[in-house]
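What the coordinates show
Each chain is listed here by its residues.
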Amino acid sequence: MACICGADGQEESDARKRSLRISQALVEEGKRQHKEVRLLLLGAGESGKTTIVKQLQIIHGHGLQQSLKDNFRVDLLRNVAVNMAEILNAMEFGERPLTPALTLSNPKNLPHAKAILELAQGMTDYERDRLESAERLQTVLSDSNQFVEQIDALWADAGVKAAFHRSPEFQLSDNAEYFFTRLKALQAANFEPTQDDAIRVRNQTSGVSESTFVMAKHTFRIVDVGGQRQERPKWIQCFSDVTAIIWVASSSGFDLFLREDGLQNRLVESLTLFESVWKNRFLRNVSIILFLNKTDILEEKMKRPNAGKRLKQFFGKYSGSDELKDAMSFLLQQFEDIVAGYKSRDNTEVVKQLYCHFTCAVDTQNITRVFDACRDIIMRLNLGRLGLL
């Protein structure tokens, strides 16, 4: 009998120890969750999401990934080749040129144009295409002088400049001019990409990528998902266990169209997507931090003659002036109207909120200020998610 009691006592002791270990593990997990937030970075294509991630790597991480620096020369050539090809295709070389048509002002630049179009054929910013074109670009890189001379000659051509100034009518990267003028630096034997170079070079997000940063002793996991239409089915797999969504919209995209659909306005697409995410039943308690991005480009556009009329051309409700503040107020109101008009399906109180900031993703100081302002909001949202508020 004594032996049986002893066995029962041992089992009871083991059970208590297991229970204690489980309780300790739950406490540790609670502490970890309290100090960890998961942010989902969403938005339509070419809104600047990945640029913001690069900035956060600089500000709160360990600087830009070495791989970005190592691949910079090839990425720079790709950006330059693709963008010059876009301009040339909008001229006399493409299937759907601008109207009225634009031609090269200097006939001697025709061989340069053909060489760039051949080099850029099939190139995109997608990872699969970056890998396929890397070998071609490495060949150019081994003797970049000819490539630089070709680009310089084309960029100096009055016809190319005229097409560039009509870039809202076709697809062109925001940083095209920056890299056309920066290209000569590549020829230097001791060339090292600057922080600004690496931030501005475009690599289109494909799939889902996660970056981790530590801020004020808290771990921030930022999940960046591609914004192009073919990437959006992957969004839903990231909706669980989210502290907040950072929605990035291009404020300067009011007069631009999608790369994948030349008939759809970029800002209209962003508003439509934003509405679908705001109303998504899986995200009914997830607040959104709106980054109205590319304010530097918006400011330049609003300095042009009749800027207000151009904004009204695409958004008939606009009744403001050519002033930047009027445009910013109107664009923000479009998102706020979606939030104000939303009612939950069961008419329960909507507890999530919209927090808004105007951003310039290529400006490190701006992103530092904005993210510092967002940090307290994010931590408060995380406490609410854990039921601690």
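Anyway, here's the lowdown on the structure attached to this text. This one's a predicted model, so the numbers in the text were calculated from it and none came from an experiment.

A closer look at the overall build of the protein chain
- On a plain count of helices and strands, the protein chain comes out with 15 helices and 6 strands.
- Within the span of the protein chain, comprising 389 residues, buried residues form 48% of the whole.
- The long-range fraction of contacts in the protein chain, counting pairs at least 24 apart against all pairs at least 6 apart in sequence, stands at 74%.
- Carbon and sulfur atoms make up 50% of the accessible area of the protein chain, which amounts to about 19900 Å² in all.

Examining the environment of T364
- In this fold, T364 is placed in helix α15 (residues 364-385).
- Residues T364 and Q55, 309 residues apart in the sequence, show an inter-C-alpha distance of 6.2 Å.

A look at the environment of I116
- Inspection of the secondary structure puts I116 in helix α5 (residues 110-120).
- Residues I116 and L154, spaced 38 residues apart in sequence, show a C-alpha to C-alpha distance of 9.7 Å.

Points about the sheet that holds strand β6 (residues 354-358)
- Across the sheet, 6 strands lie side by side as β2-β3-β1-β4-β5-β6; this open sheet has mixed pairing. Strands with a single pairing partner mark the edges of an open sheet, and in this sheet they are β2 (208-215) and β6. If you compare each strand with its neighbour and ignore which way they point, the axes differ by 20 degrees on average.
- Of the strand pairs in this sheet, strand β1 (residues 36-42) and strand β3 (residues 218-225) are connected by 6 bridges, and their pairing is parallel. Note that in β3 the partner of E36 across the bridge is T219.

Considerations on the pattern of salt bridges
- Counted by the stated rule, this structure contains 17 salt bridges.
- The partner of E36 in a salt bridge is R221, and the shortest N-O contact between them spans 3.2 Å. Taken as a pair, E36 in strand β1 and R221 in strand β3 lie far apart in primary sequence, 185 residues in all.
- Here D326 makes a salt bridge to K325, at a shortest N to O gap of 3.5 Å.
- A relative accessible area of 24% places D326 in the partly exposed class.
- We classify K325 as exposed; its relative accessible area is 57%.
- Bridged by salt links that share partners, the residues E46, E86, R259 and R266 form one connected network.

Regarding the environment of V214
- On the secondary structure map, V214 appears in strand β2.
- V214 sits 178 residues away from E36 along the chain, and the two C-alpha atoms are 9.1 Å apart.
- Not counting chain neighbours up to four residues away, the residues in contact with V214 comprise H60 and T219.

Description of the packing of helix α4 (residues 72-90) against helix α7 (residues 145-155)
- Contact geometry of α4 with α7 gives a least axis separation of 12 Å together with a crossing angle of 35 degrees. α7 is crossed by α4, and the crossing has left-handed handedness. Here L77, V80, A81, M84 and L88 of α4 come into contact with α7, specifically with F147, I151, L154 and W155.
- A breakdown of the residues in the contact of α4 with α7 according to their chemical character gives 9 nonpolar, no polar and no charged.

A short note on the nonpolar core
- Counting residues in hydrophobic clusters, the biggest one holds 40 residues, and the most contacted among them are M84, I87, L88, F147 and L183.
- Only α4, α5, α6 (127-142), α7, α8 (158-164) and α9 (176-182) provide two or more residues apiece to this core.
- A total of 12 residues in this core trace back to one element, the largest contributor, which is α4.
- Apart from residues no more than four positions distant in its own chain, M84 is found in contact with I116, I151, L154, W155, V160 and F180.
- Residues I245, L273, L298 and Y342 belong to the second largest nonpolar core, which totals 37 residues.

Section: the pairing of strand β5 (residues 288-293)
- For β5, the buried fraction is high: 6 of the 6 residues fall into the buried class.
- With burial as the criterion, each face of β5 is covered, one bearing I288, L290 and L292 and the other bearing I289, F291 and N293.
- The pairing of strand β4 (residues 244-250) with β5 spans 6 bridges and is parallel. In the strand pairing of β5, I246 is matched with I289.
- Tracing the backbone out of β4, into helix α11 (residues 266-278) and back to the parallel element β5 gives a crossover that is right-handed.

Calculation criteria
- Residues numbered from 1 in each chain as written.
- Predicted model: local features only at pLDDT ≥ 70, side-chain atom pairs only at ≥ 80, totals over all residues.
- Heavy atoms only, no water.
- Helix = DSSP H or I, 4+ residues; strand = E, 2+ residues; numbered from the N terminus.
- Buried < 20%, exposed > 50% of the residue type's maximum accessible area, 1.4 Å probe, protein only.
- Contact = heavy atoms within 4.5 Å.
- Areas by Shrake-Rupley, 256 points an atom, 1.4 Å probe, with all protein chains shown as cover.
- Pairing = 2+ DSSP bridges.
- Axes fitted to C-alpha atoms, helices over the stretch in contact; angles between N-to-C directions.
- Salt bridge = Lys/Arg side-chain N within 4 Å of Asp/Glu carboxyl O.
- Left-handed = near helix turned anticlockwise from the far one by under 90°.
- Nonpolar A, V, L, I, M, F, W, Y, C, P; charged D, E, K, R; others polar.
- Core = buried A, V, L, I, M, F, W, Y, C linked by side-chain atoms within 4.5 Å.
- Right-handed = clockwise from strand over helix to strand, strands pointing away.

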